[in-house]
Each structure stands twice: as C-alpha cells, then as structure tokens.
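Here's the letter readout for the chains.
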Amino acid sequence: IVTEIPGPKSRELEARRKSAVATGVGSSLPAYVVAAGGAILKDVDGNQLIDLGSGIAVTTAGNSNARVVENAKAQIEAFTHTCFMVNPYESYVEVAEALNRLTPGDHEKRTVLLNSGAEAVENAVKIARAHTGRDAVVVFDHAYHGRTNLTMAMTAKAAPYKAGFGPFAGEVYRAPMSYPFRDNDAAGTKLSGEDAAKRVITMIEKQIGSEYVAAIVIEPIQGEGGFIVPAEGFLPTLVEYAREKGIVFVADEVQAGFARTGKMFASEWEGIVPDLITTAKGIAGGLPLSAVTGRAEIMDSVGPGRLGGTYGGNPTACAAALGAIAAYEEDGLADRAGHIGEIIVDRLTKLQSKYPEVGDIRGRGAMIAAEFVEHDSIEPNADLVKKIADYCAKNGVLVLTTGTFSNILRFLPPLTISDELLHDAFDVIEAGLAELLPA
Ligand code: PMP
C-alpha cells in the first residue's frame, strides 16, 4: 500500500518545513502523517506505513487507542485545563493512585505528575537531593535521560544531544554500564552482573565517596543506548548497595515502562524495587504526561508547593492516561508484548543465521534490538543500519535506529499490532537485507 515515499505532497511540505521549522528539529523520513490507528500510519500521499517504533514507545497501547481517545474527548468537552496546583481535579489523584499501585513494591508511595520524560528525571534528582542533602548523581555509559540542561549532563552521547550546548549541570558522574554483548575480556569470558556492579561500586567509592551521592539513576533496559539489558545480578547488586549507603535508587522507565517489556515495568524482570521510578511516553498514549513515583518518605521530603508546574498532570493528559492504563491492565497488552517479542526474535534469529552482520539480538518483550556489526568482527556497522532503515522507510516500514555507535535497529511496535502486519514488516526488512548484502 505504498506508491512513493516521500510522495509529492510530503515533498511539498518538506520544502515549507525548511523555511518554517528550526533546522535542529531533525527528521529522517519525510512522510507527513494525516491519520493513524493501531500500528498503521497514513501519510498525505495516501501511503500506509507500518509503525515499528510507536513514536518511541508512546503509542504502546496502539495509535489513537479507543480508550485514550474517548477519555480525552470527554475531558476536553468537560473542561480543557485548570492548573492542579490552583484548581485540583480528580483524574490527577486517580493517575497517582494507579501509578502507586502498579509500580513495584508494596510500600506506601506518592506520585508527582509532569509533562515530559526529561522533566520527570529532573524532578527525581531534585527530590533525591532534597531527601539526602547530597549533590552527586551517578549515571551510566550509553544512558539517555533527556534534553534539558541537567538531563543532557546525564545523557552519555555528545552528538547529536549535547555537543556545543554546554556547560552542563554539575555533579553528574558516569559509571560503566553492564553491556553483555561487549563486556568480554581478552579470553572471551563475559563479565558477570555482580562483577559489572562491583566495577560501578568501586568507581563510586574511589571517585566520589558514597556519602556524597544523592542518587543512582539508571534505565533498567537502556532505550536510546540500544535496548541494552544488563547482565543478571547487576541491578539487584546496585539496589542493595544504594540501600546500604542511603543513596536513592532511581529507575528511569520512561521508555521501558507500561507493558512494553512483557511486564508492567522493566524493573520487575530483575525483581528490583527502585526507590523512585520515572515514567512518561506510554503513560498517556500520545498526550504529554510524565511522573515520578516512589517511596512516600522520600517523595514527601519536599514540602508543599515545591514541585509541579502549569501543565504538569493536565486534565486532558490525565484522562488519556486513565484510558491507556486501563488498556495495559485490561487488554492483556503485557502478554501480547511477550508474543510480539517472540515473533521478532524468531525473525531476527533467522536473519542472523544468514547474515553474521546481525551481531546481537536482545531485549525483552516487545522491546527488541538487533545490533549490527562488520562481517567478521564486532566492530559497529552504522552504515548498514542506516541503509536498512532507509530501505524500510521507502518501502513503508518505520524502524528506528539507535545506539552509541548508531548501529542498532530497535523494534518497539504498538502492542496492538497483528501478527500478520508484523510479519509483513519483517518481510520488508528481509528483502532489504537481501538487497544490501547480496550473497
Ligand atoms: N528517559 C528515557 C529513558 C528516554 O528514553 C527518554 C526519551 N527518549 C527520556 C528520558 C526523555 O523523555 P522526553 O523526550 O519526554 O523528555
């Protein structure tokens, strides 16, 4: 159902864009969207594209999910906005209650609602610093936490996110991540999760001193880093260490949260109970909303009126979130994520047996990445990944590239995608590889 991408109308819009929109807002595929449903995007030229990226994990419950649309519409008709800090409304409290209930751990929790993932991470750090009276924040290689000044400091990769935008917020220290595909010693032995955690603990003790550390902030499965799943034992060891030292352990689940990995939160895979969890993206099915949820005694160390903002937890986004959360809880989307992941891994494994360039397949649930390497080594192969993504886009399949070395394709389709559509998308990827890597 693809004629030409980009088609004539998209090309015309792309020309207008150049004189109206800041260059810094990048775009890889100029196919201007006019409608979407589930995992299908329709563009201005009548093309239909299969979305394997969910707008980066936002439309996890499917684009324009009926529950989200219905709730948001009803809310807009009732009232469009009041600032919760000035004129409160029930849906904010309901979203907070839902997050307190759904996030790992049975302890008493509190939630603050905000607008974006970066803002949630900023607030988690503010709260951790206020609670501990300490300054230092420990983050990880390959991490991505946003584009505000502090979250740029916390993000690993300079270009395109940080280069030229400094100086950044201080007291941010970067620790080595557990990256099983690349953590081999000369003999090829894998670094265990516990040893990778010890490497982090040594770094903290020697370079900072745990008594100065307010927070350890980590994505339990890294998103922009390339769906890096740390080795087993890495996260529990760090959580235990943080608890011992009075450090607030923050799981950034902005990309991995909400049924994406086959569980409501990725932290559950390792059985960890973070002190604070940041969420956004999938939380409201497309409307801007984010949250920090965590232990009552930590969250409440910040006094009244000190958190929030005009739009944080706005009524329309909260209504949408209640729809999205109902979808995650009642429509079996976590199980669906598991099933989707099996299909993706199966299709990728078949490709890997043919093409050694598919170096690593990893992830959980419907958050699966393929890391591409050179034919005969684990050297990153960014060029091939760009070519595959371009081929897919031209043939109506949206696949996102990512990773520190830009050599990763990530698959995170809406959890409502049908098996058939997913197979159609992988047929295109397979054809692309056959064209790009002739035998
Ligand atoms: N944290 C993680 C793990 C993310 O993946 C992202 C977005 N890619 C962010 C934070 C920032 O979210 P936002 O773009 O909504 O500010």
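Summarised in this report is the structure supplied together with it. (Residues numbered from 1 in each chain as written. Predicted model: local features only at pLDDT ≥ 70, side-chain atom pairs only at ≥ 80, totals over all residues. Heavy atoms only, no water.)

**Looking at the sheet that holds strand S4 (residues 109-114)**
Pairing in this open sheet of 7 strands is mixed, and the strands run S4-S10-S9-S8-S7-S5-S6 from one edge to the other. The open sheet terminates on both sides in strands that have one partner only, identified here as S4 and strand S6 (172-175). For this sheet, the mean inter-axis angle between neighbouring strands, taken without regard to orientation, is 20°. Of the strand pairs in this sheet, strand S7 (residues 213-218) and strand S8 (residues 248-252) are connected by 4 bridges, and their pairing is parallel. Each bridged residue has a counterpart across the sheet, and for Val217 the counterpart in S8 is Val250. (Pairing = 2+ DSSP bridges. Helix = DSSP H or I, 4+ residues; strand = E, 2+ residues; numbered from the N terminus. Axes fitted to C-alpha atoms, helices over the stretch in contact; angles between N-to-C directions.)

**Observations regarding the site of the ligand**
Residues in close proximity to the ligand include Ser116, Gly117, Ala118, Tyr144, His145, Gly146, Glu219, Glu224, Asp252, Val254, Gln255 and Lys281, which together make up its full environment. Note that an oxygen atom of the ligand is positioned 2.8 Å from one of the backbone N or O atoms of Gly117. Between a nitrogen atom of the ligand and a main-chain N or O atom of Tyr144, the distance comes to 3.5 Å. Relative to its unbound accessible area of 390 Å², the ligand is 83% covered by the protein chains. Within the shell around the ligand, the residues separate by chemical class into 3 nonpolar, 5 polar and 4 charged. (Near = heavy atom within 4 Å. Polar contact = N/O pair within 3.5 Å; in protein donor to acceptor, adjacent residues only side chain to side chain. Areas by Shrake-Rupley, 256 points an atom, 1.4 Å probe, with all protein chains shown as cover. Nonpolar A, V, L, I, M, F, W, Y, C, P; charged D, E, K, R; others polar.)

**Let's talk about helix H12 (residues 382-394)**
In this model, H12 (13 residues) spans 18 Å end to end at C-alpha, consistent with the 18 Å of a helix rising 1.5 Å per residue. Listed in full, the buried residues belonging to H12 are Leu384, Val385, Ile388, Ala389, Tyr391, Cys392 and Ala393. The inward-facing, buried residues of H12 abut strand S3 (48-51), strand S12 (367-372), strand S13 (397-398), strand S14 (400-402), strand S15 (408-411) and helix H13 (419-436). Note on H12: the residue one or two positions beyond its end, Gly396, has a positive phi of about 85°. (Expected span 1.5 Å × (residues − 1). Buried < 20%, exposed > 50% of the residue type's maximum accessible area, 1.4 Å probe, protein only. Contact = heavy atoms within 4.5 Å.)

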